[in-house]
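Report on the structure
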Amino acid sequence: MASKAWQHPYVDIFKHVKVEEWKRSAKQGDVFMHMDKTLKCPVFRIKGPVPANSYILIPRNPSHSLGLTGRFFYLLFRPTPGKYFMVHLDVAVQERQVVRISFSNMLKEFKSTPTWLQFPFLCGAADDSVYDCTSKSAKHGLVGPAPCSVRWTCLMLDLQFVLSVYLNRHYSRLKSIKLCANMVVKNMFTSDLLLEPGVSLSEAKQMGLVSSQGTGPMPREMSFPLPKGSSWHDFYDHIKFPSEGTKLPCDFMQKENPHPGTIGFSKQRSSSDEASRCDNLSKSIQDRVSLTQQITTPKLVSRNPTPMVPSIPELDVAPTHRNNWICNNDPQLQESTHSDSQQLPFRNSCSTDDGGVHVYVHPEDEFGSHREESDGEVFCSPVPRPISLTSTKEPKQQKLLPDPILRLSRIIGFGGATARYALWTKSGDAVVYPCHAIIVSMKISSNQQRFFIGHTDKVSALAFNGNTTLLASAQTGNNSVVRVWNYSKGNCLAMFQIHAHSLSCLSFSYGGGILCGVGKDGHNKTMVVVWNTVNVSRGGEVTILAKAHTEVEINTMKVAFFDDTRMVSCGRDNIRLWRVRNGMLRSCPVNLGEYHSLDFSDVAFEEGNYWDKHIDERTLFASSRSGHIFEIDYGRVVVKNVRRLLPTQLQHADRREKLTLNSGPGIAINSISVSSSLCATGSEDGFLRVWPLDFSAVFLEAEHEGAVSMVSLSSDSHQVLAATSTGNLGFLDVSSREYNTLMRSHTDTVLGFSVDGIRRHLTTASSDGTLRVWNMDSLHQLYDFVSEDSPCSVAFHPHEQTFSCGFSSGIIRVFDIPSAKLLAEHRQHRGEVVGVAFSPDGEFMYSADSQGSLALYNGSEEDHNVIRVTCNVVARGTERAPDALTVSSDSRSLAFVGPSQYVVTIADARSLDELLHVDVSILDVESPHLDLALKVCFSPATTEHLLIATSANKILWVCTKTGCLLREVSKVHKHQCSSLAVSEDSRFLLTAGHNAVKVWDYNMQRHINSQMFIGHSQPIHQVTFTPDQLGVVSVGDAIFLWDFLANPAESSTGSCSLKRSHLSPLKAADCPVNGVQMSSGIPRQTAPLPSSPPRLHVSPPEQAHRGDSPANPTVPNQDISPGPSSDPRTAISFLRVTDLEINTSYLNTNHADSVELNQSTPVRPDCYRHFIPRFKTSYLDQNVVDPQTHEEEGLKLKAVIGYNGNGRGNMVWNADQGLFAYSCGCVVVVEDLHTGGQRHLQGHIEEISCLAATSDAKTMVSAAGGGNGSRSLICIWNILNGTCCRTIFHHKGAVQSLAFSRDDRFLLSVGDFSDPGLALWGSKNFQLLSSVSMSGPIHDATFSPSAASQMACVGSHGVYFCFIQTQGMDVDLKVQRVTAPTEVGDVELTALCYHMDSLLFTSTNRGHVCAWHTSTQRCFMIWGADDGEIGVLLCRGNRLLTGSNTRWLRLWGVEAVLGLRPKEKLCSAKDSGTTVVVEQEIMLDGTAVSAAFDSTMDMGIVGTTAGTLWYINWSDNSNIRLVSGHKTKVNNVAFSFDESHFTTCSEDGSVRVWLTSSYELVVQFQVLNQACCCVCWSPSPSKDSTCIAAGYGDGTLRIFRVATTEMEIKMHPHHVAVVSIQYSANGHVILSAGKNGVIAVSSTFNGETLRVVRDHKGAPITTIQCVNEQCQRFGLEGDEMWLAASADRRVSVWAADWSKEQCDLLDWLSFPAPPYFEGDSLPPSLASFCPADHDLVAYTGYGAEKELSFYSLVKKQIIKKIALPHWATCLSLSSRSQLVAVGSKERVLKLIKSTSGRFQDFSQHSDSLLTCHFSPSGTLLFSVAYNEILLWEVQGL
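Computed from a predicted model, the values in this text were never measured in an experiment.

1. Notes on the overall build of the protein chain
Assigned secondary structure in the protein chain consists of 11 helices and 135 strands. Sequence separation of 24 or more characterises 53% of the internal contacts of the protein chain that already satisfy a separation of 6 or more.

This is the structure:
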């Protein structure tokens, strides 16, 4: 049976083993065959009261195997009603294990061990039965006996998928099957096909179910009988496990709910789909609290068939865009006044090539807000780009052309619903921000805008994914709508509604697969929704992953960039961490302590490129409205540091007492943004501040005129975007210290505007009380006039650079723009001004108010004297503002509504004498209502036409001579018309109604006379053509500038053609137009210049505080003050950028004016391959006293536990010589792979970055930092005797790479990014031969395998080919640089390797592999080898190894590459016919950072960032974990009482048990999302009863039994982190201490809290210790003593008898200490009983002296003191020889003889020591520094 062909297409198992003969199968108990009436065939019935006693076993002999390799297992059975059943499947996996998969209706919940999966089975029932209805309403169905109506079931179990997801194992074959009572079985079979029951062969062919695609119908002998015309699902159940469409892990086997008569079939999963699905599920499975062994082995996959990857895609092929489709579910596109259905024509979004955006609908189509018809969520995707909606029913009718006639060009405005959202693109060249209902993307260099249009209400939130390809937006309203956009294309991918309002926050995950939103539900409770957006880019649907309702207030919520399932939120009184797990959204609060009542405004993660940083190492920043900045430990969910922003000047009353963090006038911080190097804050005082991450001093600050509501650092940290509550948006360039304003805006509704056609200026009046003048080309604000009175209507003088404005008080003011001067002020009006207008010739000015008065002014004089004022001539009211007046183009007539609202008056424009009255109420005799006149407008070309808009939604054409009605148009808008204007040639009419603009054919001679355009979210107040007739301006919520695209009239004069030459307004300023007659009749004298802000002055801090900057100019003795400057191009003069004095560690203060930020600190390249030492705050004490000889050493280093996954290339293995070495901290470990014995090379004091060895394995070099800023140290080791024979120094920064030449003559060392350079050394005496400084960072280097004089290196700027030239004693290193191929884009070249001598392979940080010819130095082939960065590259023979940060290790066959020859042009694989083959691949537990393989690439060793070294054997598909270690900080280590094992606990929530003899990892207990802070062993004498107790950051205790690898009990005695834990001496109780100082005594039997000790409350407990001791000599009853030490230098000693529940205080020790500042970091208080005499208590901690004290409990006094050179960070006392071990922050482990004071220092750690522990016998000692665990053998002093 070696071949698998016989198993295709399926294997009938009963037939295969001839089950009825019972020779190859076995039966036990009540098992018999009978005829089933339903199936009409013989079946096997298995009965019995105990399921395990009645069964069918296949095969009979347990040592035999079925050997069935089919992926899918099918079981045709029926559970016995009212009974339980059980099925066991024994499956062999590729990892050479046997895993049992069991399912039963007896199981209540899912259970998992490394060798057993147990799934609950939920029996189905007949549809609509009581049981069926009840189970559907239950969360997971009903678990228990089978119901009476249980049906025959076809169960399909995907064995490959289950093993991969739940155990991370690879399915090999089905070994045996055991069917236990009670059930009836027809048959079972295996197959590689996904078979569908109930489908006949003919139906399968019609459906395309063919075996070649992995699908097919159920075989006839395996199918259930079905009456004709019936549905299979009406009679039987079909259960697939896992079910189709599973998004999260499913722990229950149960039937789906298919619709009757439908077949829920999907084709077999493709490899890519399966991989995606496995990734999602395995991540969620790992979210469980796994208390079983989880020593995860990698996924070793052997590809069959082998995938063929082309070398490079075909070049110069334009990408094809997928079609956009109309979404019929879009409520914005469904609403129409026509009840009959009609075809919506599709418009190609690519037809416009000038980058503009237009959105329009035809008049009959009503485009309203979202309707509220459904209470549930509506998901709709995809959604098209803006389309045209036409109401015509005739396919070919004449319509208004061009189509479209308007195109949105620019928008002046920012915000609307919020000023908290503005986003950088990843490239930093554009910003994206909301402007009411439109989303704007603006290029910061050119101010060019493009728009995302589709929202019908104000946009309330925006979010980008990590690479800014997806943009999400939300709008306000009762049912908030969320849209997801393709940012580059600008099209909407999906739109969905949630039943919520006030959706105020959105956040995308970095990869774009998760979208999170926060809003309010119908009960005004906060609602958090998480959507799955994985497939939205491919047209897939958006689904809800989780939803939660909460009572807490949320101001901001963000998805963690490093984990899609984690979020963080903040609001009033809370900061919460969220997690999506198993479809549930759960949260936990951060312990804020005394700061719990603050109002938190924003949160931000410390970002950067540290993707390999563990979750528990993440830092979270939060800001508050009281000025606090919090640093929060994400792993521990606690506050690490608190700072507060206080004003620089305090009032006298505030100086009476010292300010604390909770007192004084703090400055509210509204927003915070953090990058890898900087932090930016925006505060209520208007300052944008840029800080270093330690907040030592302000680096830069910029002052704004309003509160800063949002700040955002660009991805490169070079620019800081800032938005203010006053509607301003700009960015600060950190390097040049210049501020650039991108956009200003009104903060309230824009009421009216006027255009200066000569200078292309636009003036606007707003409800925010400001008048502003804008440049229409640059969009810059030129002037800002502020008044306590609200402006209502505004008008430019047609020739002069002046404008007039009417205010709500009735005042008319005239301003001169160049001088920023008030020319005139008139107070004739008593009511609000509703209209201001100039005559076209500029001779007269007019104004009208809401009380009916009309005024005439002399517009030719500077003071604009009043000529005439008439009363009660204009209709009263304000609804006709701001353009209640209109003047004819010949300046002869003035028209307005009045004296009543039914009458329109035409008056003489020079005298205000009335000429004609038109009563509009009587024009429609058939209307039952009187019509009101709303707006009036003259036709410019035909002055005899007056257009009137009425309340009946009509427009009337009236003759100005006779008053006769010439034309009438009805149903102009959905709502009343608010503004109208006519083009200069009277060919087009503009109207505004509600939120839409319409363009009409003025003569109404077409079948379709109008086009409608949307975009405004509020009613439009005014619309008109620009004077040059090339644009349209509309105002309301913002200022919209449209391009008017109408073709010029055929009868136009030459001047019209000149107008068309200025079609692009952006280029009009550059065209000389002197003498060209414009539409206004006035020659244009000067070309308008776009306003560009000048470079801002950089002033010292004292000027900033003295207020020496010029004040804003004001108009004397006036109510209003002109804006910041009279220079129209000084748009941001009111901002001040200040460079403050800062610490010299950040900038050189002697050259502060010339230093740029990006030059002060070298920037780490975007490449994980580059080594970055772990950040440390400790330094080695230079006065360390090392032992003189090995014989005198009191401690001997016995073992190093772990491998430093932070190193790069820090492992070497020589298969021929048997050398295996790696680094951990500052120690090089040389290990014997056969015996496991270790030798240790000690000479470094800093973290070792890389290693290299000669080919004969006799010499090895290691590199590490020199410490204290000195040059890096390179040690040369003699491997035979383990001595350091030489040390060399050269590189200022860390050493990135080391390499020996093939003949071992040369050694190459490479500096890191801070000092990039190459150093060439001679290996004979290791003298420096040559050195070369490089222009950019170098990531990897290697010598040619055949030519010792050739080598290559790669880095940020490309590949470098190096040649060694030797002339006598002189050695010269020649370097030639070649840039990366343009086809791979802007990438970092990360790793390289030679293939013999002619070929060189390089990799990139985007997953490419490039093949180069070394002779021509040309790249001739590229292929995508990975989705992430490739950092490991090895080549042996024709096999290439790649390792990346996606954790994949791949083996490629590159034999086909050898035949290619260099060509003139880089060829593609398709052209050359060359393919690169993936032979095998394996997924590791972390990113690959080092690798070494034998000469045939059959076996090797790979190191990962997880701290693991793996042995890989490609030939037999095996892998072994050689070395294991912790990646995160180790919090505690403890020996078992028999010293056979030891345990460690870490910040990652893991508890690991190791063998002391071999240092091998035995078992691991993992709790996710919680740090394990402490651990201890039970004192049980029996190994079977030995337990481990662990305390966690959430206040829980867990007890694990080592023998069974299961959790015994879980307790929750604390509400804060458990920091210390200890079993009592007899093991009956556990003493645990929380961070708040409360000690709990808990029972080990039932977990009950027996006693709570609050004596230390308020100070964290640092030590708990229990000892056996009879306490009668101390005058108390008890058989044991225990002590507790707290951080406030207090120690309590207790006598206890837990069997009698007695516990009495024996002594209370309080140790004095000098005063200290609150922010000081104090050493811990440490105490311990002396093992030899429990009467003595040893103590050390902060005090007047650094010392170790011994206190006698009998004498009640200190009897001995030992002086210490450093503050102790850890303490342990040995049970023999009176030895004491003390660790310090200075990286020194000190062994002290307590009787004599003799000591020795050991400095083998590279960081401060955290803990040290003697073994119970005193023969061994552990010391821990971060994740470095050293095991010492104690020899004594």
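2. Thoughts on the pairing of strand S106 (residues 1499–1504)
Of all 6 residues that make up S106, 5 are buried, and the element is covered over most of its length. When strand S105 (residues 1488–1493) meets S106, the two strands line up antiparallel, connected through 5 bridges. Paired with Ala1491 across the two strands is Val1502, which belongs to S106. As consecutive antiparallel partners, S105 and S106 are separated by 5 residues, and within that stretch Met1497 has a phi angle of approximately 60°, a positive value. In sequence, S106 turns back onto strand S107 (residues 1509–1513) through a hairpin of 4 residues, with Gly1507 there showing a positive phi of about 80°.

3. A short note on helix H3 (residues 159–167)
Burial within H3 is extensive, with 8 of its 9 residues counted as buried. The complete set of buried residues in H3 reads Leu159, Phe161, Val162, Leu163, Ser164, Val165, Tyr166 and Leu167. Capping of H3 at its N-terminal end is provided by Asp158; its side-chain oxygen lies 3.4 Å from the backbone amide nitrogen of Gln160.

4. Thoughts on the pattern of salt bridges
One pass over the structure, following the stated rule, counts 47 salt bridges. Its salt-bridge partner being Arg71, residue Asp158 comes within 2.9 Å of it at the nearest N-O pair. Here Asp158 is found in strand S11 (residues 153–158), whereas its partner Arg71 is found in the loop between strand S5 (55–58) and strand S6 (72–79), with 87 residues between them in sequence. Arg71 sits in the buried class, given a relative accessible area of 7%.

5. Here's the deal with the packing of aromatic side chains
To describe a pair of aromatic rings, one takes the distance between the centres and the angle between the planes. Summed over all chains, the structure comprises 58 aromatic pairs. Centroid distance Phe14 to Phe44: 5.5 Å. Interplanar angle 85°. Geometry classified as edge-to-face. One end of the pair, Phe14, is in helix H1 (residues 13–17); the other, Phe44, is in strand S4 (residues 41–47), and 30 residues separate them in sequence. Of the two residues examined, Phe14 and Phe44, each falls in the buried class. A network of ring pairs unites the aromatic residues Trp152, Phe224, Trp232, Phe235 and Tyr236 as a single cluster. The positively charged end of Arg1598 is found above the aromatic ring belonging to Tyr1592, 4.8 Å away from the centroid. Its guanidinium or amino end placed over the ring of Phe1750, Lys1760 lies 5.5 Å from that ring's centre, counting from NZ or CZ.

6. Observations regarding unusual backbone geometry
The omega angle of the peptide bond from Leu401 to Pro402 is -5°, so this bond is cis rather than trans. By the element assignment, Pro402 lies in the loop between strand S20 (378–380) and strand S21 (406–412). Its identity is not glycine, yet Asn168 carries a phi of approximately 60°, on the positive side. Locating Asn168 in the fold gives a position in the loop between H3 and strand S12 (171–180). Residue Leu912 is not a glycine yet carries a positive backbone phi of 70°. Here Leu912 shows up in the loop between strand S64 (903–908) and strand S65 (914–919).

7. Some words on the sheet that holds S21
With antiparallel pairing, the 4 strands of this open sheet are ordered in space as S21-S76-S75-S74. One side of each edge strand has no neighbouring strand; the edge strands of this open sheet are S21 and strand S74 (1022–1025). With strand direction ignored, the average angle separating the axes of adjacent strands in the sheet is 20°. With 4 bridges connecting them, S74 and strand S75 (residues 1031–1035) associate as antiparallel partners.

8. Quick notes on the state of the cysteines
Applying the stated criterion across every chain yields a total of 0 disulfides. A disulfide-free cysteine, Cys1671 has its sulfur positioned 9.8 Å from the sulfur of Cys1703, the nearest such atom. Here Cys1812 stays free of any disulfide, with the sulfur of Cys1770 as its closest cysteine sulfur at 3.5 Å.

9. Observations concerning the sheet that holds strand S22 (residues 423–424)
Sheets are built from strands that pair by backbone hydrogen bonding, the pairs being arranged parallel or antiparallel. Read from one edge of the open sheet, 4 strands run S22-S23-S24-S25, paired in antiparallel fashion. The sheet terminates laterally at S22 and strand S25 (449–453), the two strands that pair on one side only. In this sheet, S25 lies alongside strand S24 (residues 438–443) in antiparallel orientation, the contact comprising 5 bridges. In the strand pairing of S25, Ser441 is matched with Arg450.

10. Description of the side chain of Thr619
Checked against the element boundaries, Thr619 lands in strand S39 (residues 619–624). For Thr619, a relative accessible area of 7% puts it in the buried group. In terms of polar contacts, Thr619 uses its side chain to reach the side chain of Lys640, at 3.3 Å. Excluding anything up to four places from it in sequence, Thr619 contacts Ala604, Phe605, Glu606, Glu631, Ile632 and Lys640.

11. Points about the confidence of the model for the protein chain
This prediction gives the protein chain a mean pLDDT of 80; 81% of its residues lie at or above 70. For the stretch residues 650–663, pLDDT sits under 50, and the model shows 19 contacts to residues farther than four places along the chain or on other chains.

12. Points about the pairing of strand S101 (residues 1430–1436)
A large share of S101 lies buried, amounting to 6 of its 7 residues. Relative to strand S102 (residues 1439–1444), S101 runs antiparallel, the two sharing 6 bridges. What sits directly across from Leu1434, in S102, is Leu1441. Remark: 2 residues form the turn of the hairpin made by S101 and S102, two consecutive strands paired antiparallel; Gly1437 in that turn has positive phi of roughly 65°.

13. What to know about the side chain of His436
Mapping His436 onto the fold places it in the loop between strand S23 (430–435) and S24. Here Lys458 takes part through its side chain, which lies 2.6 Å from a polar atom of the side chain of His436.

14. Digging into the environment of Asp768
When you line up the elements, Asp768 lands in the loop between strand S51 (761–766) and strand S52 (770–775). In terms of polar contacts, Asp768 uses its side chain to reach the side chain of Ser766, at 3.1 Å. A distance of 2.7 Å separates the side chain of Asp768 from the side chain of Thr770, its partner in a polar contact.

15. Concerning the environment of Thr870
Within the fold, Thr870 resides in strand S61 (residues 866–870). Separated by 17 residues in sequence, Thr870 and Ser853 have C-alpha atoms that sit 5.5 Å apart. Among residues more than four places away in sequence, those in contact with Thr870 are Gly852, Ser853, Leu854 and Leu912.

Calculation notes
- Residues numbered from 1 in each chain as written.
- Predicted model: local features only at pLDDT ≥ 70, side-chain atom pairs only at ≥ 80, totals over all residues.
- Heavy atoms only, no water.
- Helix = DSSP H or I, 4+ residues; strand = E, 2+ residues; numbered from the N terminus.
- Contact = heavy atoms within 4.5 Å.
- Buried < 20%, exposed > 50% of the residue type's maximum accessible area, 1.4 Å probe, protein only.
- Pairing = 2+ DSSP bridges.
- Polar contact = N/O pair within 3.5 Å; in protein donor to acceptor, adjacent residues only side chain to side chain.
- Salt bridge = Lys/Arg side-chain N within 4 Å of Asp/Glu carboxyl O.
- Phe/Tyr/Trp six-rings, centres within 6.5 Å; stacked < 30°, edge-to-face > 60°.
- Lys NZ or Arg CZ within 6 Å of the ring centre and 35° of its normal.
- Axes fitted to C-alpha atoms, helices over the stretch in contact; angles between N-to-C directions.
- Disulfide = S-S within 2.5 Å.
- pLDDT = per-residue confidence, 0-100.

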